[in-house]
Each structure stands twice: as C-alpha cells, then as structure tokens.
Amino acid sequence: MARILIVEDNALNIKLFCDLLAAHGPQPQAVSDTRQALDTAREFDPELVITDIQLPHVSGLELIRLLRA
C-alpha cells in the first residue's frame, strides 16, 4: 500500500485528498503545518508527497528541497 504525505493548510482540501486517496487504496497521512511535515515524513516514510505551494512558515517548494536533503 502506497504511503502518501499530504501537506496542506486548508482543512477542506485535506479531507478531499484523504478521502479520494483512501478510496483507491493508498494510505494518506496529512499535516497542516509545514513545521511538522519534516518530522512526520521521517516517521511515516512516504513514497509520495503532495504539497500546496503557498503555505505559512515554509513554502511548498522549500519543503520539497528540505525533504530531498
């Protein structure tokens, strides 16, 4: 089962992503705060990260750079 990390600050979008993914098999894990995303990624070990670009604290692009490092 694929592990997918969702980083999104909008609760409605998180629900939509999680519901759609869970209905098709992948195991979604969502965080709404980019400051938690790195710790969650280390624990959850996702195969895919779906992130919003405009997030508070750290942009989605910077988050991806940090995750890759």
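Keep in mind it's a predicted model, so treat the numbers as computed, not measured. Counting restarts for each chain, with residues numbered from 1 along the sequence as it is written. Local features in a predicted model are, by the rule used here, given only for residues with pLDDT of at least 70; side-chain atom pairs are given and counted only at 80 or more, and totals for whole chains, interfaces and linings are based on all residues. Hydrogen atoms and water are omitted, and side-chain values are computed over all heavy atoms in the structure.

J.: Go over the environment of Pro-46, please, and point to the residues and values.
T.: The topology assignment puts Pro-46 in the loop between helix H2 (34-44) and strand S3 (48-51). As for Pro-46 and Ala-2, which are separated by 44 residues in sequence, their C-alpha atoms are 7.7 Å apart. Not counting chain neighbours up to four residues away, the residues in contact with Pro-46 comprise Arg-3, Ile-4, Leu-5 and Ala-41. Strands here are runs of E lasting at least two residues and helices are runs of H or I lasting at least four, both read from the DSSP assignment and numbered beginning at the N terminus. Residues are treated as being in contact if the distance between any of their heavy atoms lies within 4.5 Å.

J.: Would you mind going over unusual backbone geometry in detail, with residue names and values included?
T.: With a phi close to 50°, Asp-45 is a non-glycine residue in the positive phi region. Position of Asp-45 among the secondary structure elements: in the loop between H2 and S3. Phi is positive for His-57, which is not a glycine, with a value near 80°. Among the structural elements, His-57 can be located in the loop between S3 and helix H3 (60-68). Look at His-57 and you get exposed, because its relative accessible area is 55%. Three exposure classes are used, based on accessible area relative to the maximum for each residue type with a 1.4 Å probe and protein chains only: buried under 20%, partly exposed in between, and exposed over 50%.

Treat this as a map of the structure, not an account of what it does.
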